[in-house]
Amino acid sequence: MPIYLTGMPGSGKTVLGRALADRLGRVFIDLDEEIEKTSGRSIPKIFEEDGEDGFRALETEALRGASERTGAVVSTGGGIVLREENWRIMDDTGLVLFIDRPPERIAKDVNPGHRPLLQGDRNKIFDLYRARETLYRGRCHIVIPNAGDAQVALETLVSVALEHPMRL
Ligand SMILES: Nc1ncnc2c1ncn2[C@@H]1O[C@H](COP(=O)(O)OP(=O)(O)O)[C@@H](O)[C@H]1O
Ligand SMILES: O=C(O)C1=C[C@@H](OP(=O)(O)O)[C@@H](O)[C@H](O)C1
Ligand SMILES: [Mg+2]
């Protein structure tokens, strides 16, 4: 059963997920990377050609595939929380963590270029946060603070993951 990292774009899911998988000796799956690999297109290109709905369908497909990978660490895209079907897959198969990074810190260093929903404007992070915070915080199984040094967040992730061996 996998461990899912959810949270805002720029909250650290990909970087921390990869580091966590390395520490645990587990398979790492980043859903965006899977989608780009399978479709042969970049995320922005998919948004441009298929729209957000087309991207969300590919995202659910990638999540379903990842949900069958025993013990994987799965870094999701920030919008995974928008679809009930995605919650059903994650709740039924694994441990759902929320990487809780304050929007002020995200807005400082997020790369809006590769994230179509930000439309090149890093301040859109605050709109997204207002729209989604309750989805992340209210439905995840465990909140992982990521407000300071990334290393501290990683150590928290490692100890939480080790407390839930069956989930992995
Ligand atoms: N606690 C932190 N301190 C400093 N930079 C961080 C921290 N957490 C994440 N980052 C940085 O934020 C950027 C986005 O991280 P990423 O893993 O790509 O986010 P996500 O996959 O959630 O969109 C990366 O440059 C990452 O190094
Ligand atoms: O928040 C979102 O809706 C999205 C976040 C992105 O992933 P990251 O959270 O890794 O940036 C990517 O899936 C796509 O641009 C949509
Ligand atoms: Mg990511």
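All values derive from a computational prediction rather than experimental measurement. (Residues numbered from 1 in each chain as written. Chains lettered and ligands numbered in written order. Predicted model: local features only at pLDDT ≥ 70, side-chain atom pairs only at ≥ 80, totals over all residues. Heavy atoms only, no water.)

## Some thoughts on the packing of aromatic side chains
Link 1 in the chain: Inspection of every chain in the model, using the stated rule, returns two aromatic pairs.
Link 2 in the chain: Residues Phe98 and Tyr136 carry aromatic rings whose centres are separated by 5.3 Å and whose planes lie at 10° to one another, so their mutual orientation is stacked. Taken as a pair, Phe98 in strand E4 (residues 95-100) and Tyr136 in helix H6 (residues 124-139) lie far apart in primary sequence, 38 residues in all. Note on accessibility: Phe98 and Tyr136 belong to one class, buried. (Phe/Tyr/Trp six-rings, centres within 6.5 Å; stacked < 30°, edge-to-face > 60°. Helix = DSSP H or I, 4+ residues; strand = E, 2+ residues; numbered from the N terminus. Buried < 20%, exposed > 50% of the residue type's maximum accessible area, 1.4 Å probe, protein only.)

## As for the UniProt feature "binding site: Mg(2+)" (unreviewed entry) in the protein
Link 1 in the chain: Under the present numbering, the feature "binding site: Mg(2+)" (unreviewed entry) in UniProt falls on Thr14.
Link 2 in the chain: In this fold, Thr14 is placed in helix H1 (residues 13-24).
Link 3 in the chain: With a relative accessible area of 30%, Thr14 lands in the partly exposed category. (UniProt positions renumbered as here; feature names shortened; annotations may be inferred.)

## Considering the packing of helix H2 (residues 31-39) against helix H3 (residues 43-66)
Link 1 in the chain: At a closest axis distance of 9 Å, the pairing of H2 and H3 adopts a crossing angle of 110°. The angle between the axes of H2 and H3 places the two elements in the roughly perpendicular class. Seen from above, H2 lies across H3 with right-handed handedness. For the pair formed by H2 and H3, the contact residues are Leu31, Asp32, Glu34, Ile35, Glu36 and Ser39 on the first element and Ile43, Ile46, Phe55, Leu58, Glu59, Ala62, Leu63 and Ala66 on the second.
Link 2 in the chain: A breakdown of the residues in the contact of H2 with H3 according to their chemical character gives nine nonpolar, one polar and four charged. (Axes fitted to C-alpha atoms, helices over the stretch in contact; angles between N-to-C directions. Parallel < 35°, antiparallel > 145°, perpendicular 65-115°, else oblique. Left-handed = near helix turned anticlockwise from the far one by under 90°. Contact = heavy atoms within 4.5 Å. Nonpolar A, V, L, I, M, F, W, Y, C, P; charged D, E, K, R; others polar.)

## Remarks on the site of ligand 2
Link 1 in the chain: Lining the immediate environment of ligand 2, one finds 14 residues, of which Lys13, Asp32, Arg56, Arg115 and Arg132 sit closest.
Link 2 in the chain: Separating an oxygen atom of ligand 2 from a side-chain N or O atom of Lys13 is a distance of 2.7 Å.
Link 3 in the chain: Arg56 is positioned with one of its side-chain polar atoms (N or O) 2.7 Å from an oxygen atom of ligand 2.
Link 4 in the chain: Contact with the protein chains hides 95% of the accessible area of ligand 2, taken as 390 Å² for the molecule alone.
Link 5 in the chain: The leading source of residues in the shell around ligand 2 is H3, at four residues.
Link 6 in the chain: Residue composition of the shell around ligand 2, grouped by class: five nonpolar, three polar and six charged. (Near = heavy atom within 4 Å. Polar contact = N/O pair within 3.5 Å; in protein donor to acceptor, adjacent residues only side chain to side chain. Areas by Shrake-Rupley, 256 points an atom, 1.4 Å probe, with all protein chains shown as cover.)

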